[in-house]
Amino acid sequence: MTFTGIPLMRFAVTFVCSGNTCRSAMAAAVLESLLAGSPVAEQVVVDSYGTGDWHVGEPADPRALAVLAEHGLDASAHRARVIPADLLSRSDLILCAEARHRRRVSRLGVAGPGQVRLIREFDPRSMAAGELDLKDPYEGSLDDYRACFVDVTAACAGLMAALPGLLGNSAGHRGSQW
């Protein structure tokens, strides 16, 4: 994206879970829908990855797609990918589903302050309860996916509220050119 030939910097938000077919795929779809038409939509780009490669190239889990569709969201174009070695240099904010995913991402190199966090850190109720890991619905039922959607949506709503401040503080961050 350019304006008078100058590349615009966009704040890159990346979601990470285990296989990139459930939680991170759902979170990306939810955040993209919340961004649509918002004042910060053109300033943010959303992406997702998994820490494991066992689902690479596969679509999102059918249960995740069904729950998203219940809310008018379509992630049918999503294909699972594994985190790249240069993730820290291409993402301003990396939101992990669980502490183990954050540890995996942190092994990629030196992260900037606040660059790698847990998704649920943006949900005040989860913070107050100390429940920051986002439960994996993969082995569960459609209702487990619905519960995951509720948790992801709460976190993404909190992120939307925090984005103006994050965007204002992103100068000098590991910004990505898109």
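Refer to the structure above for everything that follows.
Bear in mind the structure is a predicted one, so any value in this text is a computation, not a measurement. (Residues numbered from 1 in each chain as written. Predicted model: local features only at pLDDT ≥ 70, side-chain atom pairs only at ≥ 80, totals over all residues. Heavy atoms only, no water.)

1. Notes on helix H4 (residues 99-106)
Restricting attention to buried positions, one finds in H4 the residues Ala99, His101 and Val105. Viewed end-on, H4 has its buried residues packed into an arc of 155°, placing them on one side of the element. Its buried side turned inward, H4 meets strand S3 (9-17), helix H1 (23-35), helix H3 (87-90), strand S5 (93-96) and strand S6 (116-118). (Buried < 20%, exposed > 50% of the residue type's maximum accessible area, 1.4 Å probe, protein only. Helix = DSSP H or I, 4+ residues; strand = E, 2+ residues; numbered from the N terminus. Arc of directions from axis to C-beta. Contact = heavy atoms within 4.5 Å.)

2. Focus on unusual backbone geometry
Within the chain, Asn20 stands out as a residue other than glycine whose phi angle is a positive 65°. Structurally, Asn20 can be placed in the loop between S3 and H1.

3. So, the packing of aromatic side chains
Two numbers describe a pair of aromatic rings. These are the distance of the centres and the angle of the planes. Throughout the structure, instances matching the rule amount to 0 aromatic pairs. Positioned over the ring face of Tyr138 is Arg63, at 5.7 Å from the centre of the ring. (Phe/Tyr/Trp six-rings, centres within 6.5 Å; stacked < 30°, edge-to-face > 60°. Lys NZ or Arg CZ within 6 Å of the ring centre and 35° of its normal.)

4. Some remarks on the packing of helix H2 (residues 62-70) against helix H6 (residues 142-168)
At their nearest, the axes of H2 and H6 sit 9 Å apart, and the two run at 55° to each other. In terms of axis orientation, H2 runs oblique to H6. Taken as a pair, H2 and H6 cross one another with a handedness that is right-handed. Contact residues: Arg63, Ala64, Ala66, Val67, Leu68 and Glu70 in H2; Leu142, Tyr145, Arg146 and Phe149 in H6. Looking at side-chain class alone, the contact of H2 with H6 contains 7 nonpolar, no polar and 3 charged residues. (Axes fitted to C-alpha atoms, helices over the stretch in contact; angles between N-to-C directions. Parallel < 35°, antiparallel > 145°, perpendicular 65-115°, else oblique. Left-handed = near helix turned anticlockwise from the far one by under 90°. Nonpolar A, V, L, I, M, F, W, Y, C, P; charged D, E, K, R; others polar.)

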